Amino acid sequence: MARAPKYKLADTAQQVVGGFLLAGPFVVTEEVWTLAEQMTWFHAAVTVAIVFAIGYGALYEADDDRDPDREAEVAGIPLRFLSLMLVSFGSVAVLALTLTAPTTFLTDPGITTAERTAVTARAVSVGAIFSVVGAATADSVF
């Protein structure tokens, strides 16, 4: 059996590059923000579950060299997977806030801060679907 590759900080750096690369176009797309406004929390939860499934599948099911049981863990979660999830959601959130997407696309003057935050969280969950693909691919390829 092949030995599982050791997790290094460089792996997270690769994930960040891939995550930001694919997240960018979705953060600045009006359709994503309109979609997020219409989503319920149930839809957002399913979207988050999809991100987790894609991430786990890309890291451990598509790569025979990796075994989640042989990797370093934090609270029982493989460190590589934890890093992937933080990068996938974090890169979208950082881009959204840096590029002022919430104030650009959520222009209803009656929207409260709580509503803007909720829509932003749902938009981040949508963008994370694409970010996780880029982050996991970069981690696996390099």
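Remember, predicted model here, so these are calculated numbers, not experimental data. (Residues numbered from 1 in each chain as written. Predicted model: local features only at pLDDT ≥ 70, side-chain atom pairs only at ≥ 80, totals over all residues. Heavy atoms only, no water.)

### Some thoughts on the packing of helix α3 (residues 41-61) against helix α4 (residues 79-98)
Helix-helix packing is characterised by the crossing angle of the two axes and by the distance between the axes. Viewed as axis vectors pointing N to C, α3 and α4 meet at an angle of 135°, and their least axial separation amounts to 10 Å. If you check the angle between α3 and α4, you find them oblique. Helix-helix and strand crossings are classified by hand; for α3 and α4 the assignment is right-handed. For the pair α3 and α4, the contacting residues are Val48, Val51, Phe52, Gly55, Tyr56, Leu59 and Tyr60 in the first and Arg80, Phe81, Leu84, Met85, Ser88 and Phe89 in the second. (Axes fitted to C-alpha atoms, helices over the stretch in contact; angles between N-to-C directions. Helix = DSSP H or I, 4+ residues; strand = E, 2+ residues; numbered from the N terminus. Parallel < 35°, antiparallel > 145°, perpendicular 65-115°, else oblique. Left-handed = near helix turned anticlockwise from the far one by under 90°. Contact = heavy atoms within 4.5 Å.)

### Things to note about the nonpolar core
Grouped together as the largest cluster of nonpolar side chains are 29 residues, with contacts concentrated most on Val27, Trp33, Val51, Leu84, Met85 and Phe89. The set of elements that each furnish at least two residues to this core consists of α1 (9-27), α2 (30-38), α3, α4 and α6 (113-141). Sequence-distant contacts of valine 51, defined by excluding residues within four places in its chain, comprise Met85, Ser88, Phe89, Ser125, Ala128, Ile129 and Val132. (Core = buried A, V, L, I, M, F, W, Y, C linked by side-chain atoms within 4.5 Å. Buried < 20%, exposed > 50% of the residue type's maximum accessible area, 1.4 Å probe, protein only.)

### Concerning the UniProt feature "transmembrane region" (unreviewed entry) in the chain
Within the UniProt annotation, "transmembrane region" (unreviewed entry) is assigned to residues 41-60, 81-99 and 119-138. Helix makes up 100% of residues 119-138 and strand 0%, with an end-to-end C-alpha separation of 29 Å. (UniProt positions renumbered as here; feature names shortened; annotations may be inferred.)

### With respect to empty space enclosed by the protein
Enumeration according to the criterion identifies one cavity of 30 Å³ or more in this entry. Roughly 40 Å³ of internal volume is contained in the largest cavity. What lines the largest cavity is Phe26, Val27, Val32, Trp33, Val92, Ala96, Ala123, Val124 and Gly127. Of all elements in the fold, only α1, α2, α4 and α6 reach the threshold of two or more residues within the lining of the largest cavity. With three residues, α6 is the largest single contributor of residues to the lining of the largest cavity. When the residues that make up the lining of the largest cavity are grouped by side-chain class, the tally is eight nonpolar, one polar and no charged. (1 Å grid on protein atoms, 1.4 Å probe; cavity = no way out; pocket = protein on both sides within 12 Å on 5 of 7 lines; lining within 4 Å. Points joined across faces, edges and corners; volume = space filled by probe spheres on them. Nonpolar A, V, L, I, M, F, W, Y, C, P; charged D, E, K, R; others polar.)

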